[in-house]
Amino acid sequence: MHVVGEGAAEGEALLKAALGAVQGEVDSCFDALLPIPGDARARLFEAMRYAAIGGGKRVRPMLLVETAALFGVGREAAIRVGCAVEAIHVYSLIHDDLPCMDDDDLRHGKPTLHRQYDDALAVLAGDSLHALAFEILADANPIPDPFIRAELVATLATASGMNGMAGGQVMDMAAESESYDLHSITRLQQLKTGALLGAAVEMGAILGRVPPEGRSHLRAYARDIGLAFQIADDLLDVEGDETLAGKALRKDEGQGKQTFVTLMGVDGARDQARALVEQAVGHLASHGDDAATLAALARYIVERDR
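Residues numbered from 1 in each chain as written. Predicted model: local features only at pLDDT ≥ 70, side-chain atom pairs only at ≥ 80, totals over all residues. Heavy atoms only, no water.

**Examining the overall build of the protein chain**
The secondary structure content of the protein chain amounts to 15 helices and 2 strands. For the protein chain, the C-alpha radius of gyration of 19 Å lies close to 19 Å, the compact-globule estimate for 306 residues. For the protein chain, the proportion of its 306 residues judged to be buried stands at 50%. A separation of at least 24 residues holds for 71% of the contacts in the protein chain among residues at least 6 apart in sequence. Averaging the coordinates of the 28 positive side-chain charges in the protein chain and doing the same for the 46 negative ones gives two points 2 Å apart. (Helix = DSSP H or I, 4+ residues; strand = E, 2+ residues; numbered from the N terminus. Rg over C-alpha atoms; globule rule 2.2 N^0.38 Å. Buried < 20%, exposed > 50% of the residue type's maximum accessible area, 1.4 Å probe, protein only. Contact = heavy atoms within 4.5 Å. Lys, Arg positive; Asp, Glu negative; His and termini not counted. Charge placed at Lys NZ, Arg CZ, Asp CG, Glu CD.)

Dropping the structure here:
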């Protein structure tokens, strides 16, 4: 993080502590969910653990946990539901890295799953993490209310499929041969990146029993940080350090894809990301200091170096 100023330093310290806590709790949750069996499935479980434990910033579980906390939701339930969202995110990364998609060799500073194991096991590990997400949400412990569970399942399913992340990935693949304008790029990223970030915020509010009409400001916050997150990713792809990022960079330019940076320029993209973040923080005003970590997380999104 590259943030300056006393207030920013306090926000950075708050966020660092909160992210560290969530990262540890998510790892512990996956560890408990994925014990290695004493049969031929062992390699599948090992591969799932390889991808799910000890990697990633855990931004999505963090968004869910902090949103749920605004409405008094117990941390155990929020972490568990956060793991469902993270399981979807991890599965998407496994599949995105495959030779038939982005064909990447490095993820989170270590070999991608298909490089560490093989393509077939990577497909099955991704499929199994996708299924695990909905197993978690369907479990009555620690969410006894079946209506809450059903709404959580519907929200995550919509964000994951053709009207969300998968649909955005198809648009991204098509971007290598099609010329997208700013509206199309925005729509692509709202689906590919923004849908799951938005689902994390929405699911935190669902756990807090906030009715749909009471979530509009949270949806607006999620929409703005989702676009800011992708603009920051585009900037990292142009300016970032591969060692810090833990993955290959400069790929968009090599594939001839239009991005926020190619359409707006580096300075224009950076200004737009910062404006989106300040707008996102404004949507949280009604929660006061209770939303300080969510505000700090929004600012981190555009200042991160990985």
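**A word on unusual backbone geometry**
Going from Asn141 to Pro142, the amide bond is cis rather than trans, its omega being 15°. Its identity as a non-glycine residue notwithstanding, His108 has a phi of 55°, on the positive side. Mapped onto the elements of the fold, His108 is located in the loop between strand S1 (106–107) and strand S2 (110–111).

**Let's talk about the nonpolar core**
One finds Leu63, Leu129, Leu152, Leu156, Met203, Leu207 and Tyr221 to be the most contacted residues of the largest nonpolar core, which totals 93 residues. Sequence-distant contacts of Leu156, that is, excluding residues within four places in its chain, are made with Ala84, Val85, Ile88, Ala133, Phe134, Leu137, Leu196 and Met203. (Core = buried A, V, L, I, M, F, W, Y, C linked by side-chain atoms within 4.5 Å.)

**So, the packing of helix H9 (residues 182–207) against helix H10 (residues 216–239)**
Where H9 meets H10, the closest approach of the two axes is 8 Å, and the angle between their N-to-C directions is 140°. On the basis of their axis angle, the class for H9 and H10 is oblique. Classified by chirality, the crossing of H10 by H9 is right-handed. On H10, the residues touching Thr186, Gln189, Gln190, Thr193, Gly194, Leu197, Gly198, Val201, Glu202 and Ala205 of H9 are Leu218, Arg219, Tyr221, Ala222, Arg223, Gly226, Leu227, Phe229 and Gln230. Taken together, the residues of the contact of H9 with H10 sort by class into 8 nonpolar, 8 polar and 3 charged. (Axes fitted to C-alpha atoms, helices over the stretch in contact; angles between N-to-C directions. Parallel < 35°, antiparallel > 145°, perpendicular 65-115°, else oblique. Left-handed = near helix turned anticlockwise from the far one by under 90°. Nonpolar A, V, L, I, M, F, W, Y, C, P; charged D, E, K, R; others polar.)

**Here we look at the confidence of the model for the protein chain**
Scored by pLDDT, the protein chain has a mean of 91; 91% of the residues are at 70 or more. Across residues 1–6, where pLDDT falls below 50, the model places 10 contacts with residues more than four positions away in sequence or in other chains. (pLDDT = per-residue confidence, 0-100.)

**Here's the deal with H9**
With 26 residues, H9 extends 35 Å between its outermost C-alpha atoms, agreeing within 8% with the 38 Å of an ideal straight helix rising 1.5 Å per residue. A bend of about 55° at Gly194 is the largest found in H9. A positive phi of about 60° marks Arg209, the residue just after H9. (Expected span 1.5 Å × (residues − 1). Bend = angle between axes of the 7 residues up to and from the residue.)

**Remarks on the side chain of Gln230**
Relative to the helices and strands, Gln230 resides in helix H10. Those residues in contact with Gln230, other than ones at most four positions away along the chain, are Gln189, Thr193 and Phe260.

**Regarding the packing of aromatic side chains**
The tally for this structure, following the rule as stated, stands at 1 aromatic pair. Arranged with centres 5.8 Å apart and planes meeting at 80°, the rings of Tyr50 and Tyr117 form a pair that is edge-to-face. One end of the pair, Tyr50, is in helix H2 (residues 42–52); the other, Tyr117, is in the loop between helix H5 (113–116) and helix H6 (119–138), and 67 residues separate them in sequence. Stacked on the ring of Phe229, the Lys or Arg Arg60 has its end atom at 5.6 Å from the ring centre. Above the ring of Tyr50, the side-chain terminus of Lys110 is found at 4.0 Å from the ring centroid. (Phe/Tyr/Trp six-rings, centres within 6.5 Å; stacked < 30°, edge-to-face > 60°. Lys NZ or Arg CZ within 6 Å of the ring centre and 35° of its normal.)

**Thoughts on the pattern of salt bridges**
One pass over the full model with this rule turns up 19 salt bridges. With its nearest N and O atoms 3.0 Å apart, the salt bridge here joins Arg41 to Asp39. Of the charged contacts in the structure, one is a salt bridge between Arg270 and Asp267, with a shortest N-O distance of 3.8 Å. Here Asp267 and Arg270 lie together in helix H14 (residues 266–282), a separation of 3 residues that amounts to about one turn. (Salt bridge = Lys/Arg side-chain N within 4 Å of Asp/Glu carboxyl O.)

**Quick notes on H2**
Counting buried residues in H2 gives 8 out of 11 residues, a clear majority hidden from the surface. Looking only at H2, the buried set comprises Ala42, Leu44, Phe45, Ala47, Met48, Tyr50, Ala51 and Ala52. Looking one or two residues past H2, Gly54 carries a phi angle of roughly 80°, positive in sign.

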